[in-house]
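What follows is the residue order along each chain.
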Amino acid sequence: MDNRKRLAYAIIQFLHDQLRHGGLSSDAQESLEVAIQCLETAFGVTVEDRDLALPQTLPEIFEAAAMGKEVRRNPRCPVPNPPSKEAAAEAERLKTEGNEQMKVENFEAAVHFYGKAIELDPANAIYFCNRAAAYSKLGNYAGAVEDCKRAICLNPNYSKAYGRMGLALSSLNKHMEAAAYYEKALDLDPDNETYKSNLKIEEQKLREAPSPTGGVRSFDIAGLLNNPRFMSMASNLMNNPQIQQLMSGMISRGNNPLGTPGTSPSQSDLASLIQAGQQFAQQMQQQNPDLIEQLRSQIRSRTPSASNDDQQE
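Source: prediction; values computed, not measured.

1. Points about the pattern of salt bridges
Next, step 1: According to the stated counting rule, one finds seven salt bridges in the structure shown.
Next, step 2: A salt bridge links Glu-92 to Lys-95, with the nearest nitrogen and oxygen atoms 3.3 Å apart. Taken together, the residues Glu-92 and Lys-95, both in helix H4 (residues 85-103) and three residues apart, mark about one turn of the helix.
Next, step 3: For Lys-116, the salt bridge identified is with Glu-119, shortest N-O distance 4.0 Å. Note that Lys-116 and Glu-119 are positioned in helix H5 (residues 107-120) at a spacing of three residues, about one turn of the helix.
Next, step 4: With relative accessibility at 35%, the residue Lys-116 sits in the partly exposed group.

2. Brief notes about H5
Next, step 1: With 14 residues, H5 extends 20 Å from end C-alpha to end C-alpha; this agrees with the ideal 20 Å at 1.5 Å per step.
Next, step 2: Residues of H5 that are buried include every one of Phe-107, Ala-109, Ala-110, Val-111, Phe-113, Tyr-114, Gly-115, Ala-117 and Ile-118, and no others.
Next, step 3: Those residues of H5 that are buried are in contact with H4 and helix H6 (125-137).

3. Looking at unusual backbone geometry
One can expect most non-glycine residues to show negative phi and most peptide bonds to be in trans.
Next, step 1: For Glu-105, which is not glycine, the phi dihedral falls at a positive 60°.
Next, step 2: Mapped onto the fold, Glu-105 is located in the loop between H4 and H5.
Next, step 3: Classification of Glu-105 by relative accessible area gives exposed; the value is 60%.
Next, step 4: At Asn-173, a residue that is not glycine, the phi angle is positive and equals roughly 65°.
Next, step 5: Turning to its location among the elements, Asn-173 is positioned in the loop between helix H8 (159-171) and helix H9 (175-188).

4. Observations regarding the side chain of Asp-121
Next, step 1: Along the chain, Asp-121 falls in the loop between H5 and H6.
Next, step 2: Among buried charged residues, Asp-121 stands out as having no salt bridge; its nearest opposite-charge side chain is Arg-150, 9.2 Å away.
Next, step 3: Those residues within four positions of Asp-121 in sequence are excluded, and the remaining contacts are Pro-83, Ala-91 and Tyr-127.

5. Remarks on the packing of H6 against H8
Next, step 1: Interaxial distance between H6 and H8 falls to 10 Å at its minimum, and their mutual angle equals 20°. Of the possible angle classes, the one that applies to H6 and H8 is roughly parallel. Read as a crossing pair, H6 and H8 show a hand that is left-handed. Across the interface between the two elements, Cys-129, Asn-130, Ala-133 and Ser-136 from H6 touch Lys-160, Ala-161, Arg-164 and Ala-168 from H8.
Next, step 2: Considering only residue class, the contact of H6 with H8 consists of four nonpolar, two polar and two charged.

6. Re the UniProt feature "repeat: TPR" (unreviewed entry) in the chain
Next, step 1: Here, the residues flagged by UniProt with the feature "repeat: TPR" (unreviewed entry) are residues 91-124, 125-158 and 159-192.
Next, step 2: This span, residues 91-124, is 79% helix and 0% strand, and a straight line between its end C-alpha atoms measures 10 Å.
Next, step 3: Taken as a whole, residues 159-192 contains 79% helix and 0% strand, while its terminal C-alpha atoms sit 10 Å from one another.

7. Some thoughts on the environment of Ala-144
Next, step 1: Relative to the helices and strands, Ala-144 is located in helix H7 (residues 141-154).
Next, step 2: By relative accessible area, Ala-144 is classed as buried at 0%.
Next, step 3: Along the chain, Ala-144 and Ala-168 lie 24 residues apart, while their C-alpha atoms are 6.3 Å from each other.
Next, step 4: Residues contacting Ala-144, with those up to four places away along its chain left out, are Ala-132, Tyr-135, Ser-136 and Ala-168.

8. Comments concerning the packing of aromatic side chains
Next, step 1: Following the criterion strictly, the structure yields one aromatic pair and no others.
Next, step 2: A centroid spacing of 6.0 Å and a plane angle of 35° characterise the contact between Tyr-162 and Tyr-181, whose relative ring orientation is tilted. Of this pair, Tyr-162 sits in helix H8 while Tyr-181 sits in helix H9; the two residues are 19 residues apart in sequence, bridging distant segments of the chain.
Next, step 3: In this structure Tyr-181 comes out as buried when scored by relative accessible area, which is 6%.

9. A closer look at H6
A turn of α-helix holds 3.6 residues, and therefore any two residues three or four places apart point the same way.
Next, step 1: Between the first and last C-alpha of H6 there are 19 Å, a value that for 13 residues agrees with the 18 Å anticipated at 1.5 Å per step.
Next, step 2: H6 sits mainly inside the fold: eleven of its 13 residues count as buried.
Next, step 3: Restricting attention to buried positions, one finds in H6 the residues Ala-125, Tyr-127, Phe-128, Cys-129, Asn-130, Arg-131, Ala-132, Ala-133, Ala-134, Tyr-135 and Ser-136.
Next, step 4: Summarising the contacts, the buried residues of H6 are in contact with H4, H5, H7 and H8.

How each quantity is defined
- Residues numbered from 1 in each chain as written.
- Predicted model: local features only at pLDDT ≥ 70, side-chain atom pairs only at ≥ 80, totals over all residues.
- Heavy atoms only, no water.
- Salt bridge = Lys/Arg side-chain N within 4 Å of Asp/Glu carboxyl O.
- Helix = DSSP H or I, 4+ residues; strand = E, 2+ residues; numbered from the N terminus.
- Buried < 20%, exposed > 50% of the residue type's maximum accessible area, 1.4 Å probe, protein only.
- Expected span 1.5 Å × (residues − 1).
- Contact = heavy atoms within 4.5 Å.
- Lys, Arg positive; Asp, Glu negative; His and termini not counted.
- Axes fitted to C-alpha atoms, helices over the stretch in contact; angles between N-to-C directions.
- Parallel < 35°, antiparallel > 145°, perpendicular 65-115°, else oblique.
- Left-handed = near helix turned anticlockwise from the far one by under 90°.
- Nonpolar A, V, L, I, M, F, W, Y, C, P; charged D, E, K, R; others polar.
- UniProt positions renumbered as here; feature names shortened; annotations may be inferred.
- Phe/Tyr/Trp six-rings, centres within 6.5 Å; stacked < 30°, edge-to-face > 60°.

The following block contains the structure:
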């Protein structure tokens, strides 16, 4: 494959990322859009040509080069000396304990046990990959990315590490990079339905990504607001005397910025609001079940799934 196209794709990928997350002025964004169009025309490459993507992004390649590191598609990591039999056995015990903690959703403890296993056997890619899953459960996606990088470095053919990297990158809104990792995971595990589904979600998010002159469409809010049944049900809810009284009380309390004892919403207020919301949802379900299912499908279709990647090794 022409490496010039790969380089052009990497630059285009970087420029798109700057458009979305670079905090640039409108003039700078417009200039980047022109640059992207010029590169796409000159090299015959578009952002949809994901077969040109590399697991490493252009900033990562540049950082490695700036530090004097050798850059390879599947870098070979410095492998420490193998642990003794006793240390390896203890590392496996700690990993198993980490897996047990994952099952009971004690993710901080799981991170601890996997970390101890890594200290004893830092050449085991599974330990890093398992800890990446625990980090993701805790919302530490940056930590998950670093552990996935290490797992891939130790074992470039480890499909689960690529899949978990995709999940972490997606959670960081790095959808182009996430798509590249899902594609690599599928290359290694072509029958994995989770990777297929998550790749489609990332591709959909990329198609819906905002441009400097346009917005992003999460799901069809405009269509929902133009749905007469939905608006009728919403109107009925707001005309409910119980809701009107509740909202009036909460607004009057909100207009008292200094606050006085007893002016915060009571538990009964909150319970009434929750009850009203439940009634509204039930009413929508009864009167227009197709609309509810449509909303559920749209939300599900935009959320990558861990699914069979939740199984620790």
